[in-house]
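# Coordinate analysis (summary)
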Amino acid sequence: MRLWSRELWRLVGWAALGTCLGWLVGMPGLGLAAGFAVCLVYHLRQLRAAYRWLTQQPQDEPPAARGLWGELFDRLYRYQKSQRITQSRLRTTLARIQESSEAMRDSVVMLDRHGDLEWWNSAASDMLGLQTAHDRGQHITNLLRDPRFISYFNARDYGEPLTLTSPIDERRILQYQITLYGDDERLVMARDITRLHRLEQMRRDFVANVSHELRTPLTVLSGYLETYGELADQLPPRLGRGIEQMEAQTQRMQNLVNDLLLLSRLEIDQGGQDHQHLDVTALLNSVGADALALSDHQHTLRVDSDYPAQLVGSEQEMRSAVSNLAFNAVRYTPPGSTITLRWTAFGQGACIEVCDDGEGIDPVHIPRLTERFYRVDKGRSTATGGTGLGLAIVKHVLLRHDAQLQIDSRPGEGALFRCVFPATRLITPATPPRNASSMTQ
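Presented here is an overview of the structure given in this document. (Residues numbered from 1 in each chain as written. Predicted model: local features only at pLDDT ≥ 70, side-chain atom pairs only at ≥ 80, totals over all residues. Heavy atoms only, no water.)

Turning to the pattern of salt bridges, a few remarks are in order. Scanning all chains against the criterion turns up 14 salt bridges. A salt bridge links Arg172 to Asp126, with the nearest nitrogen and oxygen atoms 3.3 Å apart. Note that Arg172 is positioned in the loop between strand 3 (162-165) and strand 4 (173-181) and Asp126 in helix 4 (residues 122-128), a separation of 46 residues in sequence. Owing to a relative accessible area of 19%, Arg172 belongs among the buried residues under this scheme. Using a relative accessible area of 47% as the deciding quantity, one classes Asp126 as partly exposed. We note a salt bridge from Asp169 to Arg171, for which the minimum N-O separation is 3.2 Å. Several salt bridges converge on common partners, so that one network encompasses Asp126, Arg172 and Asp192. (Salt bridge = Lys/Arg side-chain N within 4 Å of Asp/Glu carboxyl O. Helix = DSSP H or I, 4+ residues; strand = E, 2+ residues; numbered from the N terminus. Buried < 20%, exposed > 50% of the residue type's maximum accessible area, 1.4 Å probe, protein only.)

As a further point, take the packing of helix 11 (residues 315-331) against helix 13 (residues 390-400). Relative orientation of the contacting elements helix 11 and helix 13 amounts to 145 degrees, with a least axis distance of 9 Å. The two elements helix 11 and helix 13 meet at a crossing, and its hand is left-handed. Counting all contacts with helix 11, which are made through Glu317, Met318, Ser320, Ala321, Asn324, Leu325 and Asn328, the residues of helix 13 involved are Gly390, Leu391, Ile393, Val394, Val397 and Arg400. Within the contact of helix 11 with helix 13, the residues separate by chemical class into seven nonpolar, four polar and two charged. (Axes fitted to C-alpha atoms, helices over the stretch in contact; angles between N-to-C directions. Left-handed = near helix turned anticlockwise from the far one by under 90°. Contact = heavy atoms within 4.5 Å. Nonpolar A, V, L, I, M, F, W, Y, C, P; charged D, E, K, R; others polar.)

Once that is clear, we can look at the sheet that holds strand 6 (residues 276-278). Read from one edge of the open sheet, three strands run 6-8-13, paired in antiparallel fashion. On the outer flanks of this sheet lie strand 6 and strand 13 (426-427), each paired with one strand and no other. With three bridges joining them, strand 6 and strand 8 (residues 310-313) adopt antiparallel strand pairing. Looking at the pairing, His277 lines up with Val312 of strand 8. (Pairing = 2+ DSSP bridges.)

Moving on, we get to the side chain of Ser314. Along the chain, the position of Ser314 falls in the loop between strand 8 and helix 11. Overall, the relative accessible area of 0% leaves Ser314 in the buried class. Ignoring sequence-local partners within four residues, the contact set of Ser314 consists of Asp274, His275, Leu278 and His401.

Tallied over the entire structure, the rule returns five aromatic pairs. Both rings, one in Phe149 and one in Phe153, keep their centres 6.2 Å apart while their planes meet at 25 degrees; by these two values the pair is stacked. Of this pair, Phe149 and Phe153 both sit in helix 7 (residues 147-155), four residues apart, roughly one helical turn. The same class applies to Phe149 and to Phe153, which are both buried. Pairwise contacts between aromatic rings join Phe149, Phe153 and Tyr176 into one cluster. Over the face of the ring belonging to Trp120 we find Arg136, whose NZ or CZ atom lies 5.1 Å from the ring centre. (Phe/Tyr/Trp six-rings, centres within 6.5 Å; stacked < 30°, edge-to-face > 60°. Lys NZ or Arg CZ within 6 Å of the ring centre and 35° of its normal.)

Treat this as a map of the structure, not an account of what it does.
Have a look at this one:
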């Protein structure tokens, strides 16, 4: 404020001096105008000096000046200096980021808000075939033209990665992951997972081959044991008990092999060939009857279906998934429990629910329930004849139907398994569903 007051007093002084000189010659008005003109010329000269400094020589020291103009020049110079330091730090940081990205084996591609390429590392040139001289500024989908990538890019749902072959080498398998940042900009990362893909393929082939090879000896053993089992009354008690145990273990091994073969088929086969319109109510009634027979009528089975839509999918696979959920509910709930199979609307789509009022599951186990051979109670699962693959099969079946499995359970509050299907998997028939609501006991 002191500098501003001085400028005002300087203006008043020049005006007063001009007025006095003009009064001496009989023209005070002209003298006042001359005083203002002197001040105007001074400020115009300082403004011209500031313009030349900022436009022609911004790196030099500011022009020499006193008063308000001197303070203004000093502040502008300090601001410029701080900006140059900040820019230098940003350039250094950006250079380090680019250097670290260049050192990465994974592809890194930076896109602007429109999806156009801004920058990428050398790994991206090697994996994706990007060329600096021609591709900068191009839209990413003009270079990665696989329809699955285009759909993944436009969907803006990047929770799960996308696995595709390399656009320049079909022998390489790449896993894409897109991240949103900044002003709707995107970072595309591609990882070469060819080795992991081959190892996974070898594992699937090994499990499938071993499971297939085990079927023949198990069938032979089962046949002979059944034959001897028919003669159990004529055998010594100790030998008869041994044959019964061998029959039970052979049956358990056959169930395990069948589940492994089914899992292998679900992983290898792309699916979709046998998809049709499914009457979900009829499917739930059939599975409910099978579950009731498994429980020897010691549970209450309910089927509730008030939703008219049909499901587009594989009847065999959906029967396997729902049966696994219903049979698990029978095996792991005490007699007298109520098990409900439900087909109802959920969000924008629909869902199949299998719920019970049994002992429930500790939430700590829920994230791992769909892992192969994971058991909450190993001894109890073995006693009930489970293979530990049921929920893994359910998970893979749902993935092949664009659905997801949700599990909600608390100890002492029962368990709810919900298979959620998107609206794209639903068909509304012209006639109402059969047996919209039924109960099996």
